[in-house]
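Topology and contacts: notes
Each chain, written out:
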Amino acid sequence: MSDKRKIIGVIVENQPGVLARIAGLFSSRNFNIESLAVGETEDPTTSRMTIVARGDEIVLEQIEKQLNKLIDVIKVIDMTDEDYVERELALIKINTEGKDKTEIMHYINIFKGKVMDTSHDTIMVEITGNDERINSFLNIMKDFGIKEMVRTGPVALIREKKKRD
Amino acid sequence: MKGSKILLECLKKEGVEIIFGYPGGVVLPLFDEIYSEKQIKLVLVRHEQGAAHMADGYARSTGKVGVCLATSGPGATNLVTGIATAYMDSVPIIALTGQVLTSHIGNDAFQEADITGITRPIVKHNYLVRKTKDIPQIIKNSFYIASTGRPGPVVIDLPKDVLIGDVDFQYPDAPNLRGYKPNYEGNKLQIKKAVELIEKAQRPVIYIGGGVIISGASAEVIALAEKINAPVTTTLMGIGSIPWNHPLYIGMLGMHGTKYANYSVQESDLLIAIGARFDDRVTGDVKTFAPHADIIHIDIDSASIGKIIKVDVPIVGDAKRIVKEIVDLVKKKEHKEWLEKVNKWKQDFPLTYNNEGEVIKPQYVIEKIHELTKGEAIITTEVGQNQMWAAQFYKVSKPRTFITSGGLGTMGYGFPAAIGAQAGNPGKIVFDIAGDGSIQMNIQELATAVKYNFPVKVAILNNGYLGMVRQWQELFFGKRYSHTYIEDSVDFVKLAEAYGAKGLRATKKEEVVKVLDEALSYNGPVLIDFRISKEENVWPMVPAGASLNNMLEGELA
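Residues numbered from 1 in each chain as written. Chains lettered and ligands numbered in written order. Predicted model: local features only at pLDDT ≥ 70, side-chain atom pairs only at ≥ 80, totals over all residues. Heavy atoms only, no water.

Attention shifts here to the domain arrangement of chain A. Residues and elements named next belong to chain A. Taken domain by domain, chain A consists of domain 1 (4-78) and domain 2 (84-157). Spacing between the C-alpha centres of domain 1 and domain 2 amounts to 28 Å. Applying the counting criterion to the domain 1 and domain 2 interface returns 2 salt bridges. Ionic pairing is found between Arg-5 and Glu-86, a salt bridge with its closest N-O pair at 3.0 Å. Our enumeration of links across domain 1 and domain 2 arrives at 2 residue pairs in polar contact (both at pLDDT 80 or more). Here the residues of the side of domain 1 that touches domain 2 sort into 4 nonpolar, 2 polar and 2 charged. (Domains from an automatic or database assignment. Salt bridge = Lys/Arg side-chain N within 4 Å of Asp/Glu carboxyl O. Polar contact = N/O pair within 3.5 Å; in protein donor to acceptor, adjacent residues only side chain to side chain. Nonpolar A, V, L, I, M, F, W, Y, C, P; charged D, E, K, R; others polar.)

In structure tokens:
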């Protein structure tokens, strides 16, 4: 069976130790976690995690079931096959020494990136988008040389169903 | 009211009568409160592991929640094996642990251990109580979590200042757990599909596990078996859910299961799994397991379904309710030919052993224990050969009377579990079937049994070996008995006497009954040293990872 990418929203109690329970579940059950992003929600007593995991069908089903078993997990939302918005933020420090800065700026503009900091031989760029978008930007920047980078991991929400009248 | 007092009041509200525990520095305030406590009895153990297994044996034999108590740090970590044992076999226990002052947590304080961190993967849930006022709700939640859905252990870590704190006490009526709603009702559509499959099947087998005992579904499962005339096999954990002499019972399946159970499963065209989880000791090679069968899987834990094996009809919910619905809907079936075939296997390949000569055979000891207790004893086992012989040769009639560490396979479980079972069943005979290896892992609890006069009987099947490991070495490692010969240098009779218990020994077959009689007529704990044949093996045996068809057999008479 081939591996699939799954994106899950997990509403959890906003309590100490919850992140450890989730992370521990993935390691003790031998699940592959690609990214995990977590923060408070509209209800301050809950947090929402966005987890991206990879695995075959059986593993992905187990991930959802095992998450549901945790007492501190209030709801698991499998967004994979839904119409959802996915966003990730990356900060990338690009080597500009001896490079054509205008070309770099050109790509930054195409990808609607923001320059957050510059020094005489680097530019730090903020870029947001889905997985694919960030990856393609990174691919291009590799040619210039990435000095450092950090990614938040994706967060995602399902779109509201549009009313038709 | 002080935190310690609040805790005891909450436990009383939950119906707790007995706690197995051991004191220590940070739980002093609690023990001080217990000193003047009249309603709850504290059984002082000799090692915290014993306390956890006792709570477990108490829970399995009574169906109530078992409670154990230990201090912080080493006290708490000593509970870990017992907690993991309970977790693997879905046993509701509450483990109360002391913790250092909240202001000291994280400072590597004296006797500090992060027990909620350590136990996270082996509990159904755990709590670190941060405020005295949180105790009542946490206790309410913990008992609810431990005992409902798929039961399991809950650890409650109590810092010393939380036990000392003084607040108003009020016990909540209900748990406040928005993320936990066990699902008991089976999906109607799935139940209908199951009924259709059952009515279509020609060679059905019902395969039941510990979930049937937990759910109290024995009567329903037997009714189903009788209505559709399907043979019933149990896992190790399911033993007792159907009486041993029921004509449709075909014994245990799996690695040391009966040949007829394994053959039946392999030939079946429908497997009805109820409260069982397709453990590797049951399935052997999953790819060749029940190759012709459609599978219906009924389980309260949705994660157990589809984890190991692909299932045709999954039904999540309580076994008792679901099976009852199926019984009501399904048409009567005869399956004459199929039952004839199964019964033929039963006749041709009975569980047996060579009982010639003077030497004591372990199977013989177990048969005699059954005979002399009229099958009414609560049996606990250790782990290894003793456990498998007990499963094969002790004929169990009722649920909750065969108590064994199935999932984790914890040596040293049986004796403290027997004490716990005895505490919960004062009038009953409780027998621990042990090996000379396992019994030494929690032998210190003899002091507990003597002090409170829990009249537990221990039958040590003493072959001088770590027998099951030796058996594997004989079969799969060219008889290279690496560190499995433990010598018969321990004098178990003297050891029993040193603890103030009764010690007995039998070295010849003719002495077995006499010694058992003496043990049973003695009102107190007894350790019996049965010197059994040294290299007896457990047969039949499916090698680990092999197909269930591939059963090894010893030289039997």
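From this point, things continue past the structure.
Now for the pattern of salt bridges. In total, this model carries 45 salt bridges over all chains according to the counting rule given. Its salt-bridge partner being Asp-134 of chain B, residue Lys-133 of chain B comes within 3.5 Å of it at the nearest N-O pair. Taking relative accessible area as the criterion, Lys-133 of chain B reaches 55% and is therefore assigned exposed. In this structure, Glu-325 of chain B engages Lys-188 of chain B in a salt bridge whose closest nitrogen and oxygen atoms are separated by 2.8 Å. Taken together, the residues Glu-325 of chain B in helix α14 (residues 319-329) and Lys-188 of chain B in helix α9 (residues 188-200) connect sequence positions 137 residues apart. Within this structure, Arg-5, Glu-34, Arg-54, Glu-86, Glu-88, Asp-131 and Arg-151 of chain A form a network of salt bridges that share partners. (Buried < 20%, exposed > 50% of the residue type's maximum accessible area, 1.4 Å probe, protein only. Helix = DSSP H or I, 4+ residues; strand = E, 2+ residues; numbered from the N terminus.)

Attention now moves to helix α2 (residues 57-69) of chain A. Residue pairs three or four apart in sequence face the same way in an α-helix, which turns once every 3.6 residues. Residue and element names in this part refer to chain A. End to end, α2 covers 19 Å across 13 residues, agreeing with the expected 18 Å (1.5 Å per residue, within 8%). Listing the buried residues of α2 in full gives Leu-60, Gln-62, Ile-63, Lys-65, Gln-66 and Leu-67. Looking at the buried residues of α2, the elements they touch are β1 (4-13), α1 (18-28), β3 (46-55) and β4 (73-78). (Expected span 1.5 Å × (residues − 1). Contact = heavy atoms within 4.5 Å.)

Take the nonpolar core next. Residue and element names in this part refer to chain B. By size, the foremost hydrophobic cluster in this structure holds 69 residues, and its most contacted members are Ile-206, Ile-274, Ile-296 and Phe-530. Beyond its immediate chain neighbours, meaning those up to four positions away, Phe-530 contacts Ile-360, Val-365, Ala-459, Ile-460, Leu-461, Asn-462, Ala-506, Val-512, Val-515 and Leu-516. By size, the runner-up hydrophobic cluster in this structure holds 49 residues, among which are Val-45, Ala-95, Tyr-413 and Ala-501. (Core = buried A, V, L, I, M, F, W, Y, C linked by side-chain atoms within 4.5 Å.)

We now examine the domain arrangement of chain B. All names here are of chain B. Split by domain assignment, chain B resolves into domain 1 (3-164), domain 2 (188-348) and domain 3 (362-531). Distance between the C-alpha centres of domain 2 and domain 3: 31 Å. Each side of the interface is counted separately: domain 2 has 16 residues, and domain 3 has 18 residues. Where domain 2 abuts domain 3, roughly 1400 Å² becomes buried across the two surfaces, and 69% of that area is made up of carbon and sulfur atoms. Broken down residue by residue, the surface that domain 2 buries against domain 3 is led by Leu-236, Trp-244 and His-256, which jointly contribute 43%. Counting the contacts that link domain 2 with domain 3 gives 0 salt bridges. Linking domain 2 to domain 3 there are 2 residue pairs in polar contact (both at pLDDT 80 or more). A breakdown of the residues in the side of domain 2 that touches domain 3 according to their chemical character gives 10 nonpolar, 4 polar and 2 charged. (Buried area = accessible area lost by both parts, 1.4 Å probe.)

All right, on to helix α22 (residues 512-521) of chain B then. All names here are of chain B. Those residues of α22 lying buried are Val-512, Val-515, Leu-516 and Ala-519. One face of α22 carries all of its buried residues, which in axial projection span an arc of 100°. Across from the buried face of α22, at angles greater than 90 degrees, the exposed residues are Lys-514 and Ser-521. (Arc of directions from axis to C-beta.)

Inspection of the secondary structure assignment puts Tyr-35 of chain B in helix α2 (residues 28-35). C-alpha separation for the pair Tyr-35 of chain B and Arg-321 of chain B, spaced 286 residues apart in sequence, amounts to 44 Å.

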